[in-house]
Amino acid sequence: GQQLNQSPQSMFIQEGEDVSMNCTSSSIFNTWLWYKQDPGEGPVLLIALYKAGELTSNGRLTAQFGITRKDSFLNISASIPSDVGIYFCAGNSEGQGGKLIFGQGTELSVKP
Amino acid sequence: NAGVTQTPKFQVLKTGQSMTLQCAQDMNHNSMYWYRQDPGMGLRLIYYSASEGTTDKGEVPNGYNVSRLNKREFSLRLESAAPSQTSVYFCASLRLPNQPQHFGDGTRLSIL
């Protein structure tokens, strides 16, 4: 079946540093999504990508849909303490009825 | 506008007990999903309903049943709970297959 590998699993950074995380898939995706999950809450959508090569920003967050359609990355610039949480990538293939495959998550810790 | 509402938020069960987790969305979304989240494994799809009146198995359906009661509500039932079903359960919905899923805040289920 489809697999999605997300790395790194965890990151410990200093406030103000930039962060990068990525996901790679064993198959082609039509949509890449990045979610953030705070403790005790459900995932919240950060960025949605729909075209190969697409580069989209949301404030300090930037994500790209890889041109091979098998990968995506998320960058966070100038991290702040409220960036702490678990970040998930998710992908959707043609004909899957909206079903998403999720990465294992990247747990981000930011030291003030 | 509540979005996706899950009840209960917490539940402790004994092995062998049955339980129904409720999910309702007020966004007029067509598709609804049930996931479980376990440490280091991301979100895994249990069952989904692409549209009212249809349900299909996801990645980890064993031990669960679902009912799409109407367009708003999608319930998940554990007929005979097992300790391996201790997890955090998330319900999600979306309007069209190429759009992102919206998540509830989860149900934390412990089975002793």
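Structure's up top.
These notes cover the structure that comes with them. Every value quoted in this text rests on a predicted model; they were computed, and no experiment measured them.

### Some points on the overall build of chain B
When you go through chain B residue by residue, the secondary structure sums to 0 helices and 11 strands. Ordering the α and β elements of chain B from the N terminus gives β-β-β-β-β-β-β-β-β-β-β. Against the compact-globule benchmark of 13 Å for 112 residues, chain B has a radius of gyration of 13 Å, which places it among compact chains. When the backbone C-alpha atoms are referred to their principal axes, chain B occupies close to 40 × 25 × 25 Å. A buried classification covers 47% of the 112 residues belonging to chain B. Pairs at least 24 apart in sequence give 54% of the contacts found in chain B among residues at least 6 apart. Here chain B displays about 5,200 Å² of accessible surface, and carbon together with sulfur accounts for 49% of that area. Measuring between centres, the 11 positive side-chain charges of chain B sit 3 Å from its 8 negative side-chain charges.

### Considering the nonpolar core
Core analysis: the largest hydrophobic core is formed by 21 residues, its most contacted members being A:Trp32, A:Trp34, A:Leu74 and A:Leu108. At the level of secondary structure, the elements contributing two or more residues to this core comprise strand S2 (10-14), strand S3 (19-25), strand S4 (31-37), strand S5 (44-49), strand S7 (61-65), strand S8 (71-76), strand S9 (85-92) and strand S11 (106-111) of chain A. Apart from residues no more than four positions distant in its own chain, A:Leu108 is found in contact with A:Met11, A:Ile13, A:Val19, A:Ile76, A:Asp83, A:Val84, A:Gly85 and A:Tyr87. In terms of nonpolar packing, the next biggest core, distinct from the first, is built from 20 residues, B:Leu21, B:Val60, B:Cys91 and B:Ile111 among them.

### Remarks on unusual backbone geometry
Look at the link from A:Ser7 to A:Pro8: it is a cis peptide, with omega at -5°. For A:Pro8, the position within the fold is in the loop between strand S1 (4-7) and S2. Each neighbour pair has its own omega, and for B:Thr7 with B:Pro8 the value is -10°, a cis peptide bond. Locating B:Pro8 in the fold gives a position in the loop between strand S1 (4-7) and strand S2 (10-13). If you check the backbone angles, A:Arg69 has positive phi at about 65° while not being a glycine.

### As for the sheet that holds S1(B)
Residues and elements named next belong to chain B. With respect to topology, 4 strands assemble into an open sheet ordered S1-S3-S8-S7, the strand pairing being antiparallel. Edge strands, defined here as strands with exactly one partner in the open sheet, are S1 and strand S7 (65-68). For this sheet, the mean inter-axis angle between neighbouring strands, taken without regard to orientation, is 15°. Both strand S3 (residues 19-25) and strand S8 (residues 74-78) contribute to a ladder of 3 bridges, which runs antiparallel. When the sheet's bridge partners are listed, Met 19 is paired in S8 with Leu 78.

### Some remarks on the side chain of A:Ser25
Residues and elements named next belong to chain A. Within the secondary structure, Ser 25 is located in strand S3. We classify Ser 25 as buried; its relative accessible area is 10%. Here the side chain of Ser 25 touches Ser 27 through a polar contact of 2.6 Å, landing on its backbone oxygen.

### Considerations on the state of the cysteines
Here a disulfide denotes one covalent bond, and it connects the sulfur atoms of two cysteines. All names here are of chain A. Applying the stated criterion to the full structure yields 2 disulfides over all chains. With its sulfur 1.7 Å from that of its partner, Cys 23 forms a disulfide with Cys 89. In this structure the cystine formed by Cys 23 and Cys 89 twists about its S-S bond by roughly -85°; its chirality is therefore left-handed. In this pair, Cys 23 sits in strand S3 while Cys 89 sits in strand S9, placing the two residues 66 residues apart along the sequence. Residues Cys 23 and Cys 89 agree in their burial class; the two are buried.

### Concerning the sheet that holds strand S6 (residues 55-58) of chain A
Residues and elements named next belong to chain A. Overall, antiparallel pairing links the 5 strands, which are arranged S1-S3-S8-S7-S6 in an open sheet. Unpaired on one side and paired on the other, S1 and S6 mark the two borders of the sheet. The sheet shows a mean angle of 15° between the axes of neighbouring strands, direction not considered. For S1 and S3, the ladder comprises 4 bridges, and the chain directions are antiparallel. Residue pairing for S3: Leu 4 is matched across the bridge by Ser 25.

Rules used in this analysis
- Residues numbered from 1 in each chain as written.
- Chains lettered and ligands numbered in written order.
- Predicted model: local features only at pLDDT ≥ 70, side-chain atom pairs only at ≥ 80, totals over all residues.
- Heavy atoms only, no water.
- Helix = DSSP H or I, 4+ residues; strand = E, 2+ residues; numbered from the N terminus.
- Rg over C-alpha atoms; globule rule 2.2 N^0.38 Å.
- Buried < 20%, exposed > 50% of the residue type's maximum accessible area, 1.4 Å probe, protein only.
- Contact = heavy atoms within 4.5 Å.
- Areas by Shrake-Rupley, 256 points an atom, 1.4 Å probe, with all protein chains shown as cover.
- Lys, Arg positive; Asp, Glu negative; His and termini not counted.
- Charge placed at Lys NZ, Arg CZ, Asp CG, Glu CD.
- Core = buried A, V, L, I, M, F, W, Y, C linked by side-chain atoms within 4.5 Å.
- Pairing = 2+ DSSP bridges.
- Axes fitted to C-alpha atoms, helices over the stretch in contact; angles between N-to-C directions.
- Polar contact = N/O pair within 3.5 Å; in protein donor to acceptor, adjacent residues only side chain to side chain.
- Disulfide = S-S within 2.5 Å.

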